[in-house]
Amino acid sequence: MEIRQANTGDIPTILHIASLTWPHAYGDILQPRQISYMLEMMYSPDVLLQQMEQEGHRFLLAYSAGKPIGFAGFSPYENESWKLHKLYVLPFQQQTGVGKKLLQQAEQQAQQSGAKAMYLNVNRHNKAKDFYSYLGYSIHAEGDFEIGAGFFMNDYIMKKTFL
């Protein structure tokens, strides 16, 4: 497996992975209409371009046998911390260590940039919460965040403090 920094030319790859992983990750949690709405809101080419070029987001892409299998997106947050915004691995590659390696590399880059903590949001019903707990994240807060069109993100906010 190889992990590399993504750039604007990788936006179609990120979109492709998101479109394959979201129905699997959220199919039992969210309505199909909300999944479609959130994919468009968070993964349109214009949104990803703005995140990369104007908002300081970094993206990592994971490859196996030359094929993209997952990605992570993260950025500076507040008070010497960073935030993991996106971490998705193709369903058939989950539980192989890819997500862990993407997260660890994101954490390492954040720490090298001076971060003392990493935050993330995870849906309260998403089994990924256990994955993050296993890797040292704890629930910091929870909230119901309105995202438009009558939809909400019902999330835990998790935090990992770096030593």
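That block above? That's the structure.
Description of the structure in this document. Predicted, not measured: the structure shown is a model, and the values here were computed from it. Each chain carries its own residue numbering, running from 1 in the direction its sequence is written. The model is predicted, so local features are restricted to residues of pLDDT at least 70 and side-chain atom pairs to those at 80 or more, both for listing and for counting; the totals for chains, interfaces and linings are taken over all residues. Each side-chain value is derived from all of the structure's non-hydrogen atoms; neither hydrogens nor water enter the calculation.

### A look at the packing of aromatic side chains
Stage number 1. Only the six-membered ring of Trp is used, alongside the rings of Phe and Tyr, when aromatic pairs are assigned; centres must lie within 6.5 Å, and planes under 30 degrees apart are stacked while those over 60 apart are edge-to-face, with the rest tilted. Under the criterion given, the structure shown has 11 aromatic pairs.
Stage number 2. Considering the side-chain rings of Trp22 and Tyr26, the 4.6 Å spacing of their centres and the 55° angle between planes classify their relative orientation as tilted. With a gap of four residues between them, Trp22 and Tyr26 both fall in helix H1 (residues 11-26), about one helical turn apart. An identical accessibility class is assigned to Trp22 and Tyr26; each is buried.
Stage number 3. An angle of 75° between the planes, with centres 6.1 Å apart, marks the rings of Tyr43 and Phe71 as edge-to-face. With a gap of 28 residues between them, Tyr43 in helix H2 (residues 32-43) and Phe71 in strand E3 (residues 67-76) connect regions that are remote in the sequence.
Stage number 4. What links up through ring pairs into an aromatic cluster is the set Trp22, Tyr26, Tyr43, Phe71 and Tyr88.
Stage number 5. Between the NZ or CZ atom of Lys86 and the centre of the ring of Tyr43, over which it lies, the distance is 4.9 Å. A run of H or I in DSSP counts as a helix once it spans at least four residues, and a run of E counts as a strand once it spans at least two, with each numbered from the N terminus. Accessible area is worked out with a 1.4 Å probe on protein chains only. A residue is then buried under 20% of its type maximum, exposed over 50%, and partly exposed in between. Put simply, a charge is over a ring when the Lys NZ or the Arg CZ is close to the ring centre, within 6 Å, and near the line of the ring normal, within 35 degrees.

### Details of the sheet that holds strand E2 (residues 58-64)
Stage number 1. Ordered in space as E1-E2-E3-E4-E5-E7-E6, the seven strands form an open sheet in which the pairing is mixed. The strands lining the two open edges of the sheet, one partner per strand, are strand E1 (2-5) and strand E6 (138-148). Strand-to-strand twist of the sheet, defined as the mean angle between neighbouring strand axes without regard to direction, takes the value 30°.
Stage number 2. Where strand E5 (residues 117-123) meets strand E7 (residues 151-161), seven bridges bridge the pair, whose relative direction is antiparallel. Its bridge partner being in E7, Ala117 is matched across the sheet by Thr161. Two strands qualify as a pair provided that DSSP identifies no fewer than 2 bridges between them. Angular values range over 0 to 180 degrees, each being the angle between N-to-C directions of two axes fitted as lines to C-alpha atoms, with helices fitted over their stretch in contact.

### Details of the pattern of salt bridges
Stage number 1. Salt bridge, as used here, is a side-chain nitrogen of Lys or Arg placed within 4 Å of a carboxyl oxygen of Asp or Glu. Counted according to the given criterion, the structure contains six salt bridges.
Stage number 2. Lys116 is the partner of Glu80 in a salt bridge, and the nearest nitrogen-oxygen pair spans 3.7 Å. Taken together, the residues Glu80 in the loop between E3 and strand E4 (81-89) and Lys116 in the loop between helix H4 (98-112) and E5 connect sequence positions 36 residues apart.
Stage number 3. With a closest N to O distance of 3.6 Å, Asp130 and Lys129 form a salt bridge.
Stage number 4. Given the relative accessible area of 49%, Asp130 is considered partly exposed.

### A word on the packing of H1 against H2
Stage number 1. Axis separation between H1 and H2 bottoms out at 11 Å; the angle between their running directions is 150°. As far as their axial angle goes, H2 and H1 are roughly antiparallel. The handedness of the crossing between H1 and H2 is right-handed. In contact with Ile14, Leu15, Ala18, Trp22 and Tyr26 of H1, H2 contributes Ile35, Met38, Leu39, Met42 and Tyr43.
Stage number 2. The class makeup of the residues in the contact of H1 with H2 is 10 nonpolar, no polar and no charged. Orientation is classified from the angle alone, with under 35 degrees giving roughly parallel, over 145 giving roughly antiparallel, 65 to 115 giving roughly perpendicular, and any other angle giving oblique. A crossing counts as left-handed when the near helix is turned anticlockwise from the far one by less than a right angle, and as right-handed when that turn is clockwise. In what follows, residue pairs with any heavy atoms lying within 4.5 Å of each other are defined as contacts. Note on residue categories: nonpolar means Ala, Val, Leu, Ile, Met, Phe, Trp, Tyr, Cys or Pro, charged means Asp, Glu, Lys or Arg, and polar means any other residue, Gly included.

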